[in-house]
Amino acid sequence: MRFRRNMERVGELLAYELSKTLTFKTEKVETPLGTAPCRTVLQPIVLATILRAGLPFHQGFLNVFDKADNAFIGAYRGHHINAEEEFTVEMDYITSPDLTGKILIMIDPMLATGRSMEKVYHALLRFGIPAQTHIASVIASPEGVEYLQSRIPQCRLWLGAVDQKLNEQYYIVPGLGDAGDLAYGEK
């Protein structure tokens, strides 16, 4: 429970920081005693989360962007191709609202190689081209950051921390471990 709640808190903090870069419009809101100006985000937001590990982190973003639409993706590390090759990225589930002209915020607690995030991004484009793309992670590797900046240059990264490196199994070092297992128990 503590790990899930802390992931949610980090999500709230990164969402708040990200919100400072968005464009707002002023609308009039009726209160019981009169009319008040209220600032709202100009473009609709879609929060896209890679299941299972991303759920608590996603909740933190949803606490801040409470009117956001949601997209969910089932993506995970597949089997290694062979001893010398990297693993494959498997994706077996995706659901999303229309993304056309919206702000897409892709949420995954760990940004290791960046390959699953890139695959998810390209799969989401079948739902429309977003006006802006943001990627948020709690912890990233330098390799994953470099990979995404070269493959999705129009996205903006929001990271809690960038750790030292990836190890031979493509895990972030020192990292936190498997976020899904820490949040919900071992598979």
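Computed from a predicted model, the values in this text were never measured in an experiment.

From N to C terminus, the protein chain includes five helices and eleven strands. Of all 187 residues assigned to the protein chain, the portion counted as buried reaches 42%. The contacts of the protein chain with a sequence gap of at least 6 include a subset with a gap of at least 24, amounting to 63%. As displayed, the protein chain has an accessible area near 10300 Å², and 53% of this comes from carbon and sulfur atoms.

Two numbers describe how helix H3 (residues 115-124) lies on helix H4 (residues 142-151): the axes approach to 9 Å, and their chain directions differ by 25 degrees. In terms of their interaxial angle, H3 and H4 are classed as roughly parallel. Facing H3, whose interface residues are Arg115, Met117 and Glu118, H4 presents Tyr147, Leu148 and Arg151.

Moving on to the environment of His134. Among the structural elements, His134 can be located in strand E8 (residues 132-140). Residues His134 and Cys155, 21 residues apart in the sequence, show an inter-C-alpha distance of 5.3 Å. Apart from the residues lying within four places of it in its own chain, the contact partners of His134 are Leu18, Thr21, Leu22, Ile103, Leu104, Ile105, Met106, Arg156 and Trp158. Within the local environment of His134, its side chain forms a polar contact with the side chain of Trp158, the two groups lying 3.0 Å apart.

Before going further, it helps to examine the packing of aromatic side chains. Under the defined criterion, the tally for this structure stands at one aromatic pair. Here the aromatic rings of Phe57 and Phe61 are separated by 5.4 Å at their centres, their planes lie at 90 degrees, and the arrangement is edge-to-face. Placement of both Phe57 and Phe61 in helix H2 (residues 55-64) is noted, with a separation of four residues, approximately one turn of the helix. Classification of Phe61 by relative accessible area gives buried; the value is 0%.

Leu18, Ile45, Leu47, Phe57, Phe61, Phe65 and Ile105 are the most contacted members of the largest nonpolar core, which has 25 residues in total. At the level of elements, helix H1 (2-19), strand E3 (45-50), H2, strand E5 (87-95), strand E6 (103-107) and E8 are the ones that each hand at least two residues to this core. Setting aside its immediate chain neighbours within four residues, Leu18 contacts Phe61, Phe65, Ile105, His134 and Trp158. One finds Ile73, Leu104, Met117 and Ile152 within the second-largest nonpolar core, a separate group that totals 24 residues.

For the rest of this paragraph, the subject is the pattern of salt bridges. Scanning all chains against the criterion turns up five salt bridges. Between Glu118 and Arg151 there is a salt bridge, with the nearest N and O atoms lying 3.6 Å from each other. Linking Glu118 in helix H3 with Arg151 in helix H4, this pair joins segments that are 33 residues apart in sequence. On the basis of relative accessibility, which here comes to 44%, the residue Arg151 falls in the partly exposed class.

For the rest of this paragraph, the subject is the side chain of Asp163. Residue position: Asp163 is located in the loop between strand E9 (156-162) and strand E10 (165-166). Of the side chains with opposite charge, Lys165 lies nearest to the buried Asp163, which makes no salt bridge, at 11 Å.

So, about the packing of H1 against H2. As a packed pair, H1 and H2 sit with axes 7 Å apart at the nearest point and diverge in direction by 45 degrees. When the interaxial angle is binned, H1 and H2 end up oblique. Here H1 and H2 pass one another in a crossing that is right-handed. Here Arg4, Met7, Glu8, Val10, Gly11, Glu12, Leu14, Ala15, Tyr16 and Leu18 of H1 come into contact with H2, specifically with Pro56, Phe57, Gln59, Gly60, Phe61, Asn63 and Val64.

Scored by pLDDT, the protein chain has a mean of 88; 89% of the residues are at 70 or more. Highest mean pLDDT in the protein chain belongs to E6 (97); lowest belongs to helix H5 (residues 179-184) (61).

Now for the pairing of E3. Residues in a regular strand project their side chains so that they alternate between the two faces of the sheet. Most of E3 sits out of view: six of its six residues are buried. Of the two faces of E3, the one carrying Ile45, Leu47 and Thr49 and the one carrying Val46, Ala48 and Ile50 are both buried. Where E3 meets E6, five bridges bridge the pair, whose relative direction is parallel. Within E6, the position partnered with Leu47 by the bridge is Ile105.

Parameters at a glance
- Residues numbered from 1 in each chain as written.
- Predicted model: local features only at pLDDT ≥ 70, side-chain atom pairs only at ≥ 80, totals over all residues.
- Heavy atoms only, no water.
- Helix = DSSP H or I, 4+ residues; strand = E, 2+ residues; numbered from the N terminus.
- Buried < 20%, exposed > 50% of the residue type's maximum accessible area, 1.4 Å probe, protein only.
- Contact = heavy atoms within 4.5 Å.
- Areas by Shrake-Rupley, 256 points an atom, 1.4 Å probe, with all protein chains shown as cover.
- Axes fitted to C-alpha atoms, helices over the stretch in contact; angles between N-to-C directions.
- Parallel < 35°, antiparallel > 145°, perpendicular 65-115°, else oblique.
- Polar contact = N/O pair within 3.5 Å; in protein donor to acceptor, adjacent residues only side chain to side chain.
- Phe/Tyr/Trp six-rings, centres within 6.5 Å; stacked < 30°, edge-to-face > 60°.
- Core = buried A, V, L, I, M, F, W, Y, C linked by side-chain atoms within 4.5 Å.
- Salt bridge = Lys/Arg side-chain N within 4 Å of Asp/Glu carboxyl O.
- Lys, Arg positive; Asp, Glu negative; His and termini not counted.
- Left-handed = near helix turned anticlockwise from the far one by under 90°.
- pLDDT = per-residue confidence, 0-100.
- Pairing = 2+ DSSP bridges.

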